Structures are given as structure tokens and as C-alpha cells.
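# Survey of secondary and tertiary structure
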Amino acid sequence: MKNLYTWGGILVVVFASVVGDVLLARAMKQVGDVHDLWQRAGLWAVVSRVLGNPIFFLGVTAMAVAFFSLLFALSWGDVSLVAPAAASLTFIGNAFAAKIFLHEKVDRRRWIAALLVAAGVALLAG
Amino acid sequence: MTFRKYLVLAGVTVFAAAGDSMLSHGMKQTGNISLHHLQGIILALLNPWVAVGILLLLAFFASYMNALSWADLTYVLPATSLGYVLLALVARFVLHEQVSPLRWLGIALISGGVGFVAGGPALTSHEPPLLAKNATNGAPAVGGGSSAQHDVAAASSGGQP
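If you're wondering where the values come from, they're calculated on a predicted model, not measured in any experiment. (Residues numbered from 1 in each chain as written. Chains lettered and ligands numbered in written order. Predicted model: local features only at pLDDT ≥ 70, side-chain atom pairs only at ≥ 80, totals over all residues.)

## Here's the deal with the overall build of chain B
Keep this limit in mind: Elements are defined by DSSP. Helices are runs of H or I of four residues or more, strands are runs of E of two residues or more, and each kind is numbered from the N terminus. By the convention adopted here, residues make contact when the C-beta atoms placed from their backbones lie within 7 Å.
Summing up its helical and strand segments, chain B has eight helices and zero strands in all. Secondary structure elements in chain B, listed N-terminal to C-terminal, are α-α-α-α-α-α-α-α. A sequence separation of at least 24 residues applies to 73% of the contacts in chain B between residues at least 6 apart.

## A look at the environment of Trp49 of chain B
Residues and elements named next belong to chain B. With respect to the element layout, Trp49 can be found in helix α3 (residues 48-68). Taking C-alpha positions, Trp49 is 28 Å from Tyr6, a pair spaced 43 residues apart along the chain. With residues near it in sequence (within four places) discarded, Trp49 still touches Met22, His25, Gly26 and Gln29.

## Considering the confidence of the model for chain B
All names here are of chain B. The condition is simple: Summary of the metric used: pLDDT quantifies the predictor's per-residue confidence within the range 0 to 100.
Mean pLDDT over chain B stands at 73; residues scoring 70 or higher make up 69%. Per-element averaging of pLDDT across chain B places helix α8 (residues 144-158) at the bottom with 39 and α3 at the top with 92. Under a pLDDT of 50 for its full length, residues 132-161 has, in the predicted model, four contacts with residues more than four places off or in other chains. Two summary scores accompany this predicted model of the complex, namely pTM at 0.72 and ipTM at 0.79.

## Considerations on the interface of chain B and chain A
Contact residues are listed per partner, giving 46 residues for chain B and 47 residues for chain A. Listed by contribution, the elements that provide at least two residues to the side of chain B that touches chain A are α1 (3-30), α3, α4 (73-79), α5 (82-93), α6 (101-118) and α7 (130-134) of chain B. Broken down by element, the residue count for the side of chain B that touches chain A peaks at eleven residues, all from α6 of chain B.

## Some points on unusual backbone geometry
Residue and element names in this part refer to chain A. Stated precisely, the cut-off is as follows: Counting other C-beta atoms within 10 Å of a residue's C-beta gives its exposure: the residue is buried at 20 or more, exposed at 12 or fewer, and partly exposed in between, where C-beta atoms are placed from the backbone.
Backbone geometry places His103, a non-glycine residue, at a positive phi of 60 degrees. As for its placement among the helices and strands, His103 is situated in the loop between α5 (79-101) and α6 (108-125). Judged by the 12 C-beta atoms lying within 10 Å of it, His103 falls in the exposed class.

## Brief notes about the environment of Arg49 of chain A
Residue and element names in this part refer to chain A. Along the chain, Arg49 falls in helix α3 (residues 43-51). Taking the number of C-beta atoms within 10 Å as the measure of exposure, Arg49 has 19 and is therefore partly exposed. A C-alpha to C-alpha distance of 28 Å links Arg49 and Phe96, two positions 47 residues apart in sequence. If near-sequence neighbours (up to four positions away) are discounted, Arg49 is found in contact with Val31 and Leu37.

What follows is the structure in C-alpha cells.
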């Protein structure tokens, strides 16, 4: 029962994280390189540009859901299982989501990385 | 990739691992949260370990947003997966949790993925950032549309005595 709770929590964390990561990545690409923007227009321009982006707030909302699910999951399972499992499964979901929704070029190099992580996750669960 | 960008990626890694570890330690002190006693979350937030953990995760978030502004999502995530190794070390030697050999192997495989991504390009997405359209760097302009910009630039500089 405790395992079921832990893995249920992990799955909720993963789904919310993937949605949040994709939305935040898209928002920050719209903002552009914050270092360049900071040097050209100052910190205030960076802050107002990020906070003025509605996609950023949708991403933060999804991340908040992921964060509180993680609090639950961490109180049910070991940190060396919950944190890597949630983060690694999020990484695999993100590889698909980034290719589909962000049009990133997920090449063989990046898929191999995803497979290594998937294998690592399977071992962490064992 | 500049030194500054490697520093940002290192920040994402360290802040995430440290924040998660402190949260875990704090949550073990406050005990299980039940769906029927949600006020337990408020009590958890008063725990200093949880509070500092949240501050560290805010620092993580700032570095993460910084990294995402100039790199792919599929680059930033694996490039920072060395955090899992850090997390395992913290879990074993600071939180004194059991980390079995199989879990160590899993952690090693995950971090092995870093090598496959680190050598590739950081940014591959097709859509240029909005910033690029407004950028006025000294790059040589190509095409009919940009010659008009040159005319404007020439006219404005010519207007100055």
C-alpha cells in the first residue's frame, strides 16, 4: 500500500512536471537569452518580460502541482528512490514532449541518453 | 558554451540536489501528510529544513529559467543529471538512507547519459527567440529586407554632423 502511494505520487509529479517544463521552456524561448537582455536593458526588463508572459504562469502552476505532489511522495518514500525516479521519468516524458511540442531536434545522441536514464530508473525501482 | 553558462548549469544541479535533500530530511521530521489532514502542509512549511529547502529550490528555479532561455529542454535536463549522483551521496552520507548496489548502478547509468548529450549542441529548436528579431548586433545583413535597414542606419548616421 505504501509502495502504491509512492508510485502514484511519482506519476502525478511526472505528468505535472512534463507539462510545466514544456510550458516554461517555451516561455523562456520567447523571452530570449536573459543574459543578453539583462546587459542591453537591465534586470527590470528581464523580470517584467518573464512575469509578463502568460505561458510562464501556466508553467509555474503546473510546477506548483508537481512540487506539492513531490512533498507527498517524499513523505512516503526514500529520497534516493522518489527524487531520481520522478526526475528521470520526467526526463523521458520531456524528450517526447520537447520533440512534439517544442520542435527540438532530439537526435540519436539524446535518445541514447533517454534510454540510459530509463535503464537507470528501472534499476532504481528494483 | 561559455564559463558563465556552465556555471548556470552547475547551479541548476547543486541547488536542485541540495533543495530536494533538505526537503526530504524536513518531511521525515514532520511525518506523513494525509489527505484528510491537509493542515499538515502548513506545519511542514514551518520546519526550518523544509523552509531552507524551498529557498534552495527557488534558487534552482532561477538558474533553470536562465538555462532554458538559451538552451533546449532536452539539453538542460540531462546536462544537469549529475545531480542524481550528488543526491545519492547526500542520501547515503548525510541522511543515512540505504542505497543498494543496484540503485548505485542505476544512478551510474543515469549519469552516463550526461556524456551523450554534453558533446552536442545546446540549442536546436527551429523557432528563433523573439529577442533575435530586435537584436542590433553587427552581423552582416543578407537579403532585400535588411538593405532597407542599412539605408535607415546610413540615413540616421548621415544626419549627425
